[in-house]
Every structure is written in C-alpha cells, then in structure tokens.
Amino acid sequence: MRDILKLARIQFVLIALFVFFKLIRPSVLELNLPEGMKITLLSLPNFFEAVIGVLILTGIGLYLNLRGLSEKLRIGRNLLYAIVPIIGGIYVITQEMKIHNLGGNNVYDKNRKNKFTKPRI
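Residues numbered from 1 in each chain as written. Predicted model: local features only at pLDDT ≥ 70, side-chain atom pairs only at ≥ 80, totals over all residues. Heavy atoms only, no water.

What follows deals with the packing of helix H3 (residues 35–68) against helix H4 (residues 77–96). Between H3 and H4, whose axes approach to 9 Å, the crossing angle comes to 135°. On the basis of the axis angle, H3 is oblique to H4. Considering only the axes of H3 and H4, their crossing is right-handed. Counting all contacts with H3, which are made through Val54, Leu57, Thr58, Gly61 and Leu62, the residues of H4 involved are Arg77, Leu80, Tyr81, Val84, Ile87 and Gly88. In the contact of H3 with H4, the residues fall into seven nonpolar, three polar and one charged. (Axes fitted to C-alpha atoms, helices over the stretch in contact; angles between N-to-C directions. Helix = DSSP H or I, 4+ residues; strand = E, 2+ residues; numbered from the N terminus. Parallel < 35°, antiparallel > 145°, perpendicular 65-115°, else oblique. Left-handed = near helix turned anticlockwise from the far one by under 90°. Contact = heavy atoms within 4.5 Å. Nonpolar A, V, L, I, M, F, W, Y, C, P; charged D, E, K, R; others polar.)

Before going further, it helps to spend a moment on the nonpolar core. Core analysis: the biggest nonpolar cluster contains eleven residues, these being Leu7, Leu14, Phe21, Val28, Leu41, Phe48, Ile52, Leu55, Leu62, Leu80 and Val84. Apart from the residues within four sequence positions on either side, leucine 80 is in contact with Thr58, Gly61, Leu62 and Ile75. (Core = buried A, V, L, I, M, F, W, Y, C linked by side-chain atoms within 4.5 Å. Buried < 20%, exposed > 50% of the residue type's maximum accessible area, 1.4 Å probe, protein only.)

What follows is about the packing of helix H1 (residues 2–23) against H3. At a minimum axis separation of 9 Å, H1 and H3 run at an interaxial angle of 160°. By the criterion of interaxial angle, the relationship of H1 to H3 is roughly antiparallel. For the element pair H1 and H3, the recorded crossing hand is left-handed.

To continue, consider the environment of alanine 82. With respect to the helices, strands and loops of the structure, alanine 82 is situated in helix H4. Classification of alanine 82 by relative accessible area gives partly exposed; the value is 40%. Expressed as a C-alpha distance, the spacing of alanine 82 and threonine 58, which sit 24 residues apart in the sequence, is 9.8 Å.

With that settled, the discussion passes to H4. For H4, which comprises 20 residues, the first-to-last C-alpha distance of 29 Å matches the rise-based estimate of 28 Å (1.5 Å per residue) to within 8%. Within the span of H4, buried status applies to Leu80, Val84, Gly88, Thr94 and Gln95. Viewed along the axis of H4, the buried residues span an arc of 135°, placing them on a single side of the element. Turned more than 90 degrees away from the buried face of H4, the exposed residues are Asn78, Ile86, Ile93 and Glu96. Positive backbone phi, at 60°, marks lysine 98, one or two positions downstream of H4. (Expected span 1.5 Å × (residues − 1). Arc of directions from axis to C-beta.)

Quick look at the structure:
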C-alpha cells in the first residue's frame, strides 16, 4: 500500500507540471526561442502524460496484485514494474498506428480555427 501512496504523491506533482506546460504552449510558439528549446517545451506535456500513464498502470497493477489475486497468482513487484512500461508502450504504438483512438486527438495546431474543425495533418 505504501507504493501506491508514493505513486499518488508523484502523480500530483506531475499533473501540476503537465497542466503548467500545457497552458504555456501557445505563448511558447509566439516567443522567439531557438527551435530546440521550443521542441523541448512543447514536448514536455506529452512526456509528463506518458509518465502519469505508466504510474496509473503501475498503481492499478499493484492494487490488483494485492487485493484482486490470490497469493498463488500474485506476481513479483519487479516483474510488474517491467511489464507496465511494455503495456504502456503497446498502447502508445497502437494509437500511433491508428489501431485505436482511446486517448483522443493529441495534435496541437495553433492555426486551427476552433476545436470542432478537423486538424490539418
């Protein structure tokens, strides 16, 4: 249970960082920054989102392992920590390959007129 609470505390910090960097995206595009810095600042929300996703999956896995499985069926924490990023990677890769769209539209287009028009790809 300690592991789950530790993950929750980390997630609160990452969610705050995610929201902050998501909110500054429009102003980053308007600033006269080097391209590398723009790419980094615009990519940070995606990075935090990925880490939050892996932490959520880890928390679910830990909870199910402790509460949902009998002692015979439980898997070790190290194996769980190895499996979770693989599951997260499969999710992202299948989304990029357009096999599913469970995460929604993640394309940021500053020239899009409103949120109801299709993004230009």
